Amino acid sequence: MPELPEVETVKNFLSSNFNGKRIQKIKIINKKLRYEIKPNISKYFINLIITKIYRRGKYLILLFENNYTLLIHLGMTGYFRILDKENLIKHDHLIFYFKSKILVFNDIRKFGFVKIYRPDEVLKSQHLIKIGPEPLSKEYDLNYFKHKSKRKTNIKNLLMNQYFVAGLGNIYCSEILFDAEINPKKNCNNLKPEQMKRIILSTKKILTKAIKFGGTTIKNFIVSNEKIGYFKNELKVYGKEHSHCVRCKKVYKIKKILQNGRSTFFCSNCQR
DNA sequence: AGGGCTACCTGTACGC
DNA sequence: TGCGTACAGGTAGCCC
């Protein structure tokens with residue numbers, strides 16, 4: 001599920017609720033996620049305060065006062081719930097007990113994970129060492145794009161590649177390319193600088209707007225009762241095959257195709 | 001080397 | 001109602 005705007009929303013939600021808060025107890029319900037949760041996880045974090053919560057790409061990093069970190073990925077269906085009292089449901093895997101709140105990690109498909117790292121190790125971990133720049137940073141600019149887009153694939157797959165730029169997923173790649181008026185099948189070797197510029201600007205514009213709306217709710221993106229997920233109403237092409245294009249107004253021009261086994265949505269009339 | 005395919009897991013929607 | 005199939009926002013490891 002969660003792409004950069006959703007993970008950013010989760011980060012803000014966790015920060016506002018648990019930054020500076022002390023974990024009293026941790027309970028593993030099911031350790032078998034993508035990677036096994038260390039059975040001795042309590043040993044690292046019990047009675048310690050969360051000092052800062054970061055996001056890098058689609059990853060969450062929780063920093064504790066003893067300098068150990070939790071690296072968390074939500075996979076496709078991972079999410080957090082806050083409870084007043086323990087009230088578990090199917091696919092709850094990990095519980096953090098605070099003084100007055102309980103934080104539960106739930107993940108139906110178990111593609112997510114929770115790993116323990118020393119702070120000097122987490123950025124050098126296999127997950128973070130090779131990923132590309134943050135799309136909202138100054139580093140992701142025309143100069144970067146020119147030098148790193150000399151690839152033998154199409155622009156959709158390039159944007160999906162976390163080593164090229166971190167945090168974009170299947171929804172936002174379609175939305176970004178629609179906004180930039182670029183055909184997702186276009187070979188990234190053939191992009192003109194002017195088109196690269198449009199992709200960069202659209203990336204920043206769409207992500208910024210999506211974060212402002214609290215990300216996109218599709219199925220499993222639940223963050224307690226917070227007002228989130230309203231970018232779903234702002235989607236222009238994702239999940240809208242056979243619709244008319246909101247830009248060129250031609251009917252039935254939103255097509256769904258497969259690229260690298262994933263659905264791509266685009267306007268076959270105005271994305272060139 | 002890097003790009004494509006597949007596996008991982010569970011739920012849902014749909015056709016028959 | 002039930003069964004089989006396809007598909008769903010993710011990554012990573014294998015293969016060529």
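Attention here is on the structure that accompanies the text. Values in this document were obtained by computation on a predicted structure and should not be read as measured data.

Quick notes on the rules
- Sequence order as written defines residue numbering, which begins from 1 separately in each chain.
- Each chain takes a letter, starting from A, and each ligand takes a number, starting from 1, following the order in which they are written.
- The model is predicted, so local features are restricted to residues of pLDDT at least 70 and side-chain atom pairs to those at 80 or more, both for listing and for counting; the totals for chains, interfaces and linings are taken over all residues.
- To obtain the side-chain values, all non-hydrogen atoms of the structure were included, while hydrogens and water were left out.
- One heavy atom within 4 Å of a molecule or strand is enough for the residue carrying it to be called near that molecule or strand.
- By the criterion applied in these results, polar contacts are pairs of N or O atoms within 3.5 Å in which, for protein atoms, one can donate a hydrogen and the other can accept it, and in which residues neighboring in sequence qualify only through two side-chain atoms.
- When a residue's accessible area, from a 1.4 Å probe over protein chains only, is under 20% of the maximum for its type it is buried; when over 50% it is exposed; and in between it is partly exposed.
- Secondary structure follows DSSP: runs of H or I at least 4 residues long count as helices, runs of E at least 2 residues long count as strands, and numbering of each begins at the N terminus.
- Residue contacts follow a heavy-atom distance rule, with two residues in contact if any of their heavy atoms lie within 4.5 Å.
- Paired strands, as defined in this entry, are two strands with at least two bridges between them according to DSSP.

## Re the protein's contact with DNA strand B
Then comes step 1: The environment of DNA strand B is made up of Lys 90, His 91, Ile 108, Arg 109, Lys 110, Phe 111, Arg 151, Lys 152, Thr 153, Asn 157 and Asn 260.
Then comes step 2: The sugar-phosphate share of atoms of DNA strand B within 4 Å of the protein amounts to 71%.
Then comes step 3: Within the contact set of DNA strand B, a phosphate oxygen lies 2.7 Å away from a side-chain nitrogen or oxygen of His 91.
Then comes step 4: At 3.2 Å, a side-chain N or O of Thr 153 approaches a phosphate oxygen of DNA strand B.

## As for helix α6 (residues 170-179)
Then comes step 1: Burial of α6 is extensive: nine of the ten residues sit out of reach of the surface.
Then comes step 2: Turning to α6, its buried residues number three or more, namely Asn 170, Ile 171, Tyr 172, Cys 173, Ser 174, Glu 175, Ile 176, Leu 177 and Phe 178.
Then comes step 3: Of the surrounding secondary structure, the elements contacted by the buried residues of α6 are α1 (4-18), α5 (155-160), α7 (193-212) and β10 (262-267).
Then comes step 4: Positive phi shows up at Glu 181, right after α6, with a value of about 55°.

## Topic: the environment of Gly 239
Then comes step 1: Within the secondary structure, Gly 239 is located in the loop between α7 and β9 (254-259).
Then comes step 2: The exposure class of Gly 239 is partly exposed, given its relative accessible area of 49%.
Then comes step 3: Distance from Gly 239 to Lys 255, taken between C-alpha atoms, is 9.6 Å for residues 16 residues apart in sequence.

## Remarks on the pairing of strand β6 (residues 92-97)
Then comes step 1: With six of six residues buried, β6 lies mostly within the body of the structure.
Then comes step 2: Here strand β1 (residues 25-28) runs beside β6; their pairing, made up of four bridges, is antiparallel. Paired with Ile 28 across the strands is Leu 94, a residue of β6.
Then comes step 3: Bridge analysis of β6 against strand β7 (residues 102-107) gives five bridges, and the strand direction is antiparallel. Residue Leu 94 lies in a different strand from β7, and its bridge partner there is Phe 105.

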